[in-house]
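Listed here are the chains, written in short residue letters.
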Amino acid sequence: NCKQLNGASAYFDGGLVEMKVVGEHHFASTRNNDFTNRSHKGSIKVTGFAFEYAENVALGVGAFLGLILIIYIIAAIHAYRKPGSWLFSRRYRPRLLVWILSKATMDRLVEERRQLVAQRRREWAKKANAHCGDEEGGTDKAAEVALPEESLSWFQSVTRCFRKCGLGEQQLTTFILFLMNVVVFAIGFLSNMSGGFKKSWAYPCAKGGGYAMDLNFALLVLPTLKSLQTTMRRVGSSREWVPIDDPINFHIVIAMFTMIAAAIHIAGHCVHAYLIRAAPTIQSDPFDLWKLTSEEKASGMTFFHQIFNIQLRCAGFTGIILTVMMLAILLTALNCSRRRTNCLTRRIGGFNLFWRIHMSWKLIYVLLLLHAPARLWIWFFFPAIFVIVDRLLLANHQALYLHLKSVKLLPRDVIGLTFELPQGFAYQAGQYILLGWKGEWHPFTLTSAPEENCISVHIRAPNTLDWCSALRKRLTQEAPAQAAGIDAADSKPPRAPLVIEYNKCTLPNSPVVFNTPKVSGNADDHDQGPRLLGRDISGKQLKPAQSGETMVSHVQPGMLPSESVVLQVTGPFGAPAQKVWGFDTLMVVGAGIGVTPFASILRSVQLRAKQRETIMSTASRPSAWKSSMGQGSDDARVGLQRLVEDLVVVPKKIYFYWICRGQEEFDWFCDLLSDAAEGPAAGIVDITLFLTGEIELSQVKKLPCASGQFFGRPNWGRIFKQNREKHKGEHIGVFLCGSPIIGEALSRESIKNSDLVGTPGGTRFSFFKEHF
């Protein structure tokens, strides 16, 4: 056998062999392998079909041009089928139609478009000149006026184009964020194409997801900056597409993009780590004699070494910690977790757990900087500036102690709290505050008007809401029982309606204000306003605060009476409802307790109307100066009336729709609604009530303040059409505080019944929603 091998030819021709398996193949020859010092070994690397760099660029450019050509052909077909559209205008008409169609066909389409545009202009003229038809000699004369098109900014043109495609302002914001994520992902993907193990595509996918995460993490914290939002609303416009008008929804949208990018990032790194682990292990070279590449050094590395690789800053370990923390934030942010609607969430903490885990966002950002410090600081630079500015603005909103004047228990576990106006506290109708008790802070919309010398909030406090129900029981049951010397466990739950008054109390050398309920029989002790206490109800001497020591930093158990209640406030903060003063016509919708911001607005409208009436009545009194003015006094009165209308802004018409389940809910603000409907603002406010729950007809009572009272859900299509006919050519503001389901219907009808931006005499509905 050896003789035959040694006598064989030195070359062997096996013909062409097709290698179909992609990878690196090693081969060796055994001929004379044991009798020579030469190694008959070799390697064949089989790769898939790949373009060169120039070919990739040419392919990308060709695909882009092909897409543009397809869009161009579709636009040409649309322009041919609908010559009245903007695509067939002289400015945007595709040249393809001129090349393909005959001259007679083009002339026919141009004439058809001219007639359609003329008809459309006549309709616009009717809408724009309807109010002056009688003065100008009738509707026919007004209809002959051809109004020129308004000049649009580039942003209005883009918005109008997207609106024609059925994409509203809120969806446009989400679409722009989606495009930003796609662009950033593409940058991360293309810049790391050759950086993976054996040029695996898992690595650039992971990097692309990481780039998108950087973008979303940079934007994620911005919607939560309350002080910055309030400042922007003061200088903002009435556009409904601005994300600050619905910061919670925008925060959720960014979080969704963050989770999607994180899933891509994690999946890419997991696949890449598996490829490294599955590769053959190469003998280590601690002295760097063989000049191994980084890819050869990583080949065959175990998962443990990849996770705790010190050369990569233990990026795998920090990534696992970040994944666990992000999953915890995601799970606790679910509606069922926050509201404790199942047995599991009721046991693990509900809203408190959600809030505590969300407060770990600072640690997450620190871990992100440790996880990928190369480019992350660039993304976080400007958001960090915004956070610092927000904290500086928030420093002006100090936590003020509140003097609770009264607590009103209303049906369906609703409490109304009235406080004395803190010194230096200024707010606008529609804004909200953060109310603090026992270390927790919760947002509540103010129901009082800025023109009043107090602030008030209404809180829905059923037993399913732990903090709110505990506050209701403390104010209406426990504190009054302890003040009367009765054990709180033996006291009976109070029934609505009930009003409990409170006193303002302080401790020596302390800025802390606490409130105690008034108890019948102890009027001498409680009705003397603010008092300095040194003893509690039982006569036990309380430990006074030392000089230079405040209760803010040093509060010990037993220093306050058992019946005391300490409440704090910070704010106010801006909300979409405060934009009502930028519209002449309003549609405000409140669902259940969502009526609270509009209660403040209606009260403010009523007081502002009284201010107008008082100023005009005072100015109309006879005087020697007015008699000397003669006939010019009428012109002066008209000028004064215009000046008062500019200074004391009041909407011309408010359509208020309140959706409730039962008759008892109407009793919450029945007095306020009655005053708004019967006072100076009677011709401004139009109130419509809807009952959607089960109720006996015998229990239904007619409310005099309402112009309409219906059973069932509102027909928003009919309501929007009616208001559109009544207020042609106006910009109408639509505001909601309630269920997101109602918001979807209102948003859909607002878009459906609005004319395009730039339409002369067009009617528009701008929708704003508010929820916490």
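Residues numbered from 1 in each chain as written. Predicted model: local features only at pLDDT ≥ 70, side-chain atom pairs only at ≥ 80, totals over all residues. Heavy atoms only, no water.

Participant: Can you lay out the packing of helix α13 (residues 315-332) against helix α17 (residues 361-371) for me, pointing to particular residues and giving the numbers?
Facilitator: One can describe the packing of α13 onto α17 by two numbers: an axis separation of 9 Å at closest approach and a directional angle of 155 degrees. The orientation of α13 relative to α17 falls into the category roughly antiparallel. For the crossing formed where α13 meets α17, the hand is left-handed. On α17, the residues that touch Ala315, Thr318, Gly319, Ile321, Leu322, Met325 and Ile329 of α13 are Leu363, Ile364, Leu367, Leu368 and His371. Taken together, the residues that form the contact of α13 with α17 break down as nine nonpolar, three polar and no charged. (Axes fitted to C-alpha atoms, helices over the stretch in contact; angles between N-to-C directions. Helix = DSSP H or I, 4+ residues; strand = E, 2+ residues; numbered from the N terminus. Parallel < 35°, antiparallel > 145°, perpendicular 65-115°, else oblique. Left-handed = near helix turned anticlockwise from the far one by under 90°. Contact = heavy atoms within 4.5 Å. Nonpolar A, V, L, I, M, F, W, Y, C, P; charged D, E, K, R; others polar.)

Participant: Tell me about unusual backbone geometry, and please be specific about residues and values.
Facilitator: The backbone phi angle of Lys198 is positive, close to 55 degrees, even though this residue is not glycine. Tracing the backbone shows Lys198 in the loop between α7 (169-190) and α8 (202-220). For Lys198, a relative accessible area of 52% gives the class exposed. Although it is not a glycine, Lys438 sits at a positive phi angle of roughly 60 degrees. Among the secondary structure elements, Lys438 is positioned in the loop between β6 (432-437) and β7 (440-445). (Buried < 20%, exposed > 50% of the residue type's maximum accessible area, 1.4 Å probe, protein only.)

Participant: I'd like a description of the environment of Gly761, backed by residues and values.
Facilitator: Position of Gly761 among the secondary structure elements: in the loop between α26 (740-752) and β18 (764-770). Sequence separation of Gly761 and Gly729 is 32 residues, and the distance between their C-alpha atoms is 4.6 Å.

Participant: If you had to explain the pattern of salt bridges to someone new, which residues and values would you point to?
Facilitator: Within this structure, the stated rule accounts for nine salt bridges. Residue Arg608 pairs with Glu451 through a salt bridge whose shortest N-O separation is 3.4 Å. In this pair, Arg608 is assigned in helix α21 (residues 596-619) and Glu451 in the loop between β7 and β8 (454-460), connecting sequence segments 157 residues apart. For Glu725, the salt bridge goes to Lys728, with nearest N and O atoms at 3.5 Å. (Salt bridge = Lys/Arg side-chain N within 4 Å of Asp/Glu carboxyl O.)

Participant: Which residues make up the sheet that holds strand β15 (residues 685-691), and what are the values?
Facilitator: Spatially, six strands are ordered β16-β15-β14-β13-β17-β18 in an open sheet, and the strand pairing comes out parallel. A strand with exactly one partner marks an edge of an open sheet, and here the two such strands are β16 (708-711) and β18. On average, each strand axis in the sheet is inclined to that of its neighbour by 15 degrees, with strand direction left out of account. Two strands pair when backbone bridges link them, and strand β17 (residues 731-737) and β18 are joined in this way by seven bridges, in the parallel orientation. Across the sheet, residue Phe735 finds its bridge partner in β18, namely Phe768. In the packing of helix α25 (residues 716-726) onto the sheet, the strands contacted are β13 (585-591), β14 (653-660), β15, β17 and β18, and the crossing angle to β14 comes to about 170 degrees. Most of the contacts of α26 go to β18, to which it runs at about 165 degrees, and overall it touches β13, β14, β17 and β18. (Pairing = 2+ DSSP bridges.)

Participant: Would you mind going over helix α16 (residues 351-358) in detail, with residue names and values included?
Facilitator: The set of residues buried in α16 consists of Asn352, Phe354 and Ile357. Where α16 is buried, its residues contact α13, α14 (335-338), α17, β7 and α19 (466-483).

Participant: Residue-level account of the nonpolar core, with values.
Facilitator: One finds Phe656, Trp658 and Phe735 to be the most contacted residues of the largest nonpolar core, which totals 36 residues. Those elements that place two or more of their residues in this core are β13, α21, β14, β15 and β17. Ranked by residue count, the leading element in this core is α21, at six residues. Counting residues in each nonpolar core, the second largest holds 28 residues, with Val407, Ala461, Tyr502 and Val565 among its members. (Core = buried A, V, L, I, M, F, W, Y, C linked by side-chain atoms within 4.5 Å.)

Participant: For the confidence of the model for the chain, give the residues involved together with the corresponding values.
Facilitator: Of the residues in the chain, 75% have a pLDDT of 70 or more, and the chain-wide mean is 76. Here helix α5 (residues 139-143) stands out as the least confident element of the chain, with mean pLDDT 38; α8 is the most confident, with 90. Counting contacts from residues 130-151, a segment whose pLDDT is below 50, to residues more than four positions away or on other chains yields 23 contacts. The model gives residues 521-554 a pLDDT under 50, and that stretch makes 50 contacts with residues more than four places away or in other chains. (pLDDT = per-residue confidence, 0-100.)

Participant: Explain the pairing of β15 residue by residue, including any values.
Facilitator: For β15, the buried fraction is high: six of the seven residues fall into the buried class. Here β14 runs beside β15; their pairing, made up of seven bridges, is parallel. From the neighbouring strand, Ile654 faces β15, where its bridge partner is Val685. Pairing between β15 and β16: four bridges, direction parallel. In the strand pairing of β16, Leu689 is matched with Gln709.

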